[in-house]
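# Analysis of the macromolecular model
Okay, here's what each chain looks like letter by letter:
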Amino acid sequence: MNFERPIVEHERRHFPGRHALEFGFESGTDERRSTYVEYLERAVNNPKNYIDRGGAGEVHALGSGQICIKLMKERGDENIVDAYEQEIHYDLGNAPRTEAWFIEELSDFEVEGVRSPALVEYLEGPEYAAIVMERLEAINLQHVLNGKFPFPPNFDLDDFFERLEAYIYELHDAKHLLHGDLEPRNVMIDKRTGHPRIIDFGRSMNLAVMPEEKRQRLSRAEELKVEEIRVKVMNRIKN
Ligand SMILES: Nc1ncnc2c1ncn2[C@@H]1O[C@H](COP(=O)(O)OP(=O)(O)OP(=O)(O)O)[C@@H](O)[C@H]1O
Ligand SMILES: [Mg+2]
């Protein structure tokens, strides 16, 4: 069986045309900076590196494929939402830099073999912001539900969801963070272990700053979401 993604045609990408990244850096010589940005530009403009996209970002492989870059359009300062104020501006999602903060915060967080990608760095320019992170060797659960890829041979439904449940519980209880967008498209299956991998912290929130009632309500709703996804996956396996 082959779990590799097919090369997706260029047209399906979010941001057609050449990307001019123009990222700024706080340190390093100008020459080194521009060489690096040129390298990133070449990488994201090469269709062979395209991995996948979501509603907000486009993900491309970098280097030999161990890391990847999630490219997002900068939404401008007026739309930058602090995660703490999420309720008011919820439909906008987190600013890319807030998303990067969550990824960094969770870079060492692992529960029952479940984890998220490690952050490498966060970059921003006038038009695009980017998160450079570990590229997961994993299959997107939504793609499996869609029938685009088979379940990996070592996939065990009960084991997978026990682990996912434990991770989400600890995310709330120990890290005081809410994922905020727990959907099959933001859950991946690690190809080697078959364990869950969690991605996309574009709607994550800090539970620590919320009133107790809200914190309980949102945590409970997200914990129930795990069960909802489990039912979807179970039905897919049956059919
Ligand atoms: N670190 C990673 N390693 C491998 N694949 C990834 C990684 N991050 C994202 N992807 C792939 O790229 C897709 C888009 O990434 P992501 O979900 O972060 O984007 P988004 O636009 O914020 O999504 P959404 O529509 O859920 O808001 C994912 O669904 C996943 O298939
Ligand atoms: Mg997503």
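Source: prediction; values computed, not measured.

Conventions and cut-offs
Residues numbered from 1 in each chain as written. Chains lettered and ligands numbered in written order. Predicted model: local features only at pLDDT ≥ 70, side-chain atom pairs only at ≥ 80, totals over all residues. Helix = DSSP H or I, 4+ residues; strand = E, 2+ residues; numbered from the N terminus. Buried ≥ 20, exposed ≤ 12 C-beta atoms within 10 Å, placed from the backbone. Contact = placed C-beta atoms within 7 Å. Near = placed C-beta within 6 Å. Nonpolar A, V, L, I, M, F, W, Y, C, P; charged D, E, K, R; others polar. Domains from an automatic or database assignment. Expected span 1.5 Å × (residues − 1). Pairing = 2+ DSSP bridges. Core = buried A, V, L, I, M, F, W, Y, C linked by C-beta atoms within 7 Å.

## Regarding the overall build of the protein chain
Along its length, the protein chain carries five helices and twelve strands. Here the protein chain, with 239 residues, has 32% of them falling under the buried criterion. By sequence separation, contacts in the protein chain at least 24 residues apart represent 68% of the contacts at least 6 residues apart.

## With respect to the site of ligand 1
In the vicinity of ligand 1 there are 22 residues, among which Asp52, Gly54, Gly55, Ala56 and Asp200 approach most closely. At the level of secondary structure, the elements contributing two or more residues to the shell around ligand 1 comprise strand S1 (50-53), strand S2 (57-62), strand S3 (67-73) and strand S7 (128-134). Considering every element that reaches the shell around ligand 1, the biggest residue donor is S1, with three residues. Looking at the shell around ligand 1, its residues break down into eight nonpolar, six polar and eight charged. Each of domain 1 (10-136) and domain 2 (139-238) contributes no fewer than three residues to the shell around ligand 1.

## A short note on helix H5 (residues 212-238)
The periodicity of an α-helix, 3.6 residues per turn, causes residues three or four places apart in sequence to face the same way. Over its 27 residues, H5 runs 40 Å from end to end, which matches the ideal 39 Å to within 8%, given 1.5 Å per residue. When we look at burial in H5, the residues that qualify are Ser219, Glu222, Ile229 and Val233. Buried residues along H5 sit against helix H3 (141-145), helix H4 (157-173), strand S9 (177-178) and strand S10 (187-190).

## Observations concerning the pairing of S1
In terms of strand pairing, S1 meets S2 through three bridges, oriented antiparallel. Note on S2: the bridge partner recorded for Arg53 is Glu58. Between S1 and S2, which pair antiparallel in sequence order, lie three residues.

## Points about the pairing of S3
Most of S3 sits out of view: five of its seven residues are buried. Where S2 and S3 come together, six bridges link them in antiparallel fashion. Within S3, the residue paired with Gly57 across the bridge is Met72. Remark: four residues form the turn of the hairpin made by S2 and S3, two consecutive strands paired antiparallel; Gly63 in that turn has positive phi of roughly 55°. Here S3 runs beside S7; their pairing, made up of seven bridges, is antiparallel. When the sheet's bridge partners are listed, Met72 is paired in S7 with Ala129.

## Details of the nonpolar core
Inside soluble globular proteins, nonpolar side chains tend to come together where they are buried. By size, the foremost hydrophobic cluster in this structure holds 43 residues, and its most contacted members are Ile103, Ala130 and Met188. Counting the residues that make up this core, at least three belong to each of domain 1 (10-136) and domain 2 (139-238). Setting aside residues up to four positions removed in sequence, Ile103 forms contacts with Ser116, Pro117, Leu119, Ile131, Met133 and Phe201.

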